[in-house]
Amino acid sequence: MKVNIKDYNLDELKQVITELGEKPYRAEQIFKWIMQDNVTSFDDMTNLSIELRNKLKEKFDLHVFNILKKQVSKDGTKKYLFDVLDGNAIESVLMEYKHGFTICVSSQIGCKMGCKFCASTGVKFARNLTSGEIVEQLLAVERDEHIKISNLVFMGIGEPLDNYDNVINAIKILNNQKGINMGARHISISTSGLVPKIYKLADENMQYTLSISLHSANNKKRSQMMPINNTYNIEELMEACKYYINKTNKRISFEYALAKENNDNMQDAKELVKLLKGMLCHVNLIPINKIENGKFTKSTNENIIRFRDYLNEKGIVATIRRELGSDIDAACGQLRKKEVEKCKPTQKQI
Ligand code: SAH
């Protein structure tokens, strides 16, 4: 099986290319062809000798995704279903904001977390995505749309901190100035709360934004929504968040999906204020999206606004997230692997 050349960060690529008997600057040229020029064949790397191109073809693969399906929402959001070339498929979502394009990427094929309100749940976990496959989601959309994407969020299918090393390496690749050159400030990682990995992240010394899927300040309620709370409860999660803030001096974004008659009343808001008071943070309120067979339904607009206003009054900065792509099941929690069975991705012929 050939190695996906996109899995290497530039330092690793330099080493691999040197081992092939080439000068390290060749690695920079190759990296640029892949990450900036977004080529889909080694033959397009025209400043390399034919001999080197052939050597690369023998050993490596550019792992170019096929688009199995593309849906366009009436608000312009686009959802892609990609064939990842081993019989599996994943989804990515492209959103356009005033400041540019944001891609929401998947980090795993399936998810082990089992959150009760999320559509990625209920689909068997298949495997982690490699760093090259994470980056290829951005590259494939850029090729298809003829655009440059400025922001990336790990909020698609999967728990990014459950695929820690590949996610960190993907960020290193995205950051590199000789390639995509996406500033770490333009990257967000969202986690359901894998506490030991939050400590590890804090020690990385990287500048991305951390989002925590909180959804309730009450252990009983949070455990009912998110089984991970039985392993790492709210107190342990908050300890890790405080460590993270102290270490990085960065604000954490807490995500709170509001479900009717579940976590949206004033008592819930009070508990949330008590929990977050004095912390360097921001609360992102998400009107919960209903999923098939899901028991949670969206709060009324009135309740959502009342919840936000209460938090703001008490000195906790809270905003309501815009709902994008809900008509094509591309909004938070609506990505699913079900499409995979319908579209039958190909087994790659090598
Ligand atoms: N596993 C990671 C990232 C994927 S989910 C995490 O849990 O954070 C990205 C965000 O969408 C999370 O905040 C998640 O809680 C939220 N989400 C999931 N399902 C949702 C739904 N049905 N409605 C609204 N938000 C949802």
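Sequence order as written defines the numbering, with residues in each chain counted from 1. A pLDDT threshold of at least 70 governs which residues receive local features in this predicted model, and a stricter bar of 80 or more applies before side-chain atom pairs are shown or counted, although totals over entire chains, interfaces and linings include all residues. No hydrogens and no water enter the side-chain calculation; it runs on all heavy atoms of the structure.

Turning next to the domain arrangement of the protein chain. Along its sequence, the protein chain is carved into domain 1 (3–61) and domain 2 (66–343). An automatic or database domain assignment supplies the start and end points of every domain. Each of domain 1 and domain 2 has a C-alpha centre, and the two are 33 Å apart. Whether two residues touch is decided by their heavy atoms; if any such pair falls within 4.5 Å, the residues are in contact. Across the contact, 15 residues belong to domain 1 and 18 residues belong to domain 2. When two components associate, each loses some accessible surface as probed by a 1.4 Å sphere; the sum of these losses over both components is called the buried area. Buried area between domain 1 and domain 2, both sides added, is near 1,300 Å², and the carbon and sulfur share of it is 51%. Area buried by domain 1 at its contact with domain 2 is led by Lys 6, Met 35 and Asn 38, which between them contribute 39% of it.

Turning to the site of the ligand, a few remarks are in order. Neighbouring the ligand are 20 residues; Phe 117, Ser 190, Ser 213, His 215 and Asn 289 lie closest to it. One of the side-chain N or O atoms of Glu 255 is found 3.0 Å from an oxygen atom in the ligand. Between the ligand and the protein, one listed contact pairs a nitrogen atom with a backbone N or O atom of Cys 332 at 3.5 Å. Reported accessibility uses the Shrake-Rupley method at a 1.4 Å probe radius. Residues are deemed covered only where the shown protein chains occlude them. Starting from 530 Å² of accessible surface for the ligand in isolation, the protein chains cover 96%. For the ligand, the cavity whose grid points lie within 2 Å of the majority of its atoms is the largest cavity. Put simply, the parts of the chain that give the shell around the ligand at least two residues each are strand S10 (187–191) and strand S12 (252–258). We call a residue near a molecule or strand when any one of its heavy atoms sits within 4 Å of it. Polar contact is the term for a pair of N or O atoms within 3.5 Å; when the atoms are in protein, one must be able to donate a hydrogen and the other to accept it, and sequence-neighboring residues count only if both atoms are side-chain atoms. Grid points spaced at 1 Å over the protein atoms alone were grouped into cavities, where a 1.4 Å probe fits but cannot get out, and pockets, open sets with protein on both sides within 12 Å along at least five of seven lines, with lining residues defined by an atom within 4 Å of a point. Cavity and pocket membership follows a simple rule, namely that a molecule belongs there if more than half of its atoms are within 2 Å of the grid points. What counts as a helix is a DSSP run of H or I of at least four residues, what counts as a strand is a run of E of at least two, and both are numbered from the N terminus.

All right, on to the pairing of strand S4 (residues 78–83) then. Each residue's exposure class comes from its accessible area (1.4 Å probe, protein chains only) as a fraction of the maximum for that residue type: buried when under 20%, exposed when over 50%, partly exposed otherwise. Of all the six residues making up S4, six are buried; the element is thus mostly covered by neighbouring parts of the structure. Of the two faces of S4, the one carrying Lys 78, Tyr 80 and Phe 82 and the one carrying Lys 79, Leu 81 and Asp 83 are both buried. The antiparallel hairpin formed by strand S3 (residues 66–72) and S4 contains five residues in its connecting segment, where Gly 76 sits at a positive phi of about 95°. A pair of strands counts as paired when DSSP detects no fewer than two bridges linking them. The antiparallel pairing of S4 with strand S5 (residues 89–97) creates a hairpin that spans five residues between the two strands, and Leu 85 there sits at a positive phi of about 75°.

All right, on to the side chain of Arg 222 then. Looking at the secondary structure, you find Arg 222 in helix H7 (residues 219–225). At 8.5 Å, Glu 159 is the nearest oppositely charged side chain to Arg 222, a buried residue that forms no salt bridge. Looking at Arg 222, its side chain comes within polar contact range of the main-chain oxygen of Ser 192, at 3.0 Å. Of the polar contacts made by the side chain of Arg 222, one reaches the backbone oxygen of Leu 214; its length is 2.8 Å. Among all residues touching Arg 222, those that are not within four sequence positions of it are Ser 192, Ser 213, Leu 214, Ser 216, Asn 229, Tyr 232, Ile 234 and Leu 237. Think of it this way: Lys and Arg go in the positive column, Asp and Glu in the negative one, and His and the chain ends go nowhere. Here, a salt bridge means any side-chain nitrogen of Lys or Arg that lies within 4 Å of a carboxyl oxygen of Asp or Glu.

Grid points are joined across faces, edges and corners, and a volume is the space filled by probe spheres set on the points. Reported here for the largest pocket is a volume of approximately 840 Å³. Contributing to the lining of the largest pocket are 34 residues, with Tyr 97, Val 153, Met 155, Asn 284 and Arg 321 lying nearest its centre. Taken together, the elements giving at least two residues each to the lining of the largest pocket come down to S5, strand S6 (100–104), strand S9 (151–154), S10, strand S11 (209–213) and strand S13 (281–287). Classes in brief: Ala, Val, Leu, Ile, Met, Phe, Trp, Tyr, Cys and Pro nonpolar; Asp, Glu, Lys and Arg charged; the others, Gly included, polar. Classifying every residue of the lining of the largest pocket gives 16 nonpolar, 12 polar and six charged.

A few words now on helix H9 (residues 266–276). An α-helix turns once every 3.6 residues. As a result, residues three or four positions apart point the same way. Every buried residue of H9 is accounted for by Asp 268, Ala 269, Leu 272, Val 273 and Leu 276. Buried residues along H9 cover an arc of 140° about the axis, so they all sit on one side. The secondary structure elements touched by the buried residues of H9 are H7, helix H8 (234–248), S12, S13 and helix H10 (301–313). N-cap assignment for H9: the residue whose side-chain oxygen lies 3.0 Å from the backbone N of Gln 267 is Asn 265. Note on H9: the residue one or two positions beyond its end, Gly 278, has a positive phi of about 85°. Here the arc refers to the directions that run from the helix axis out to each C-beta atom.

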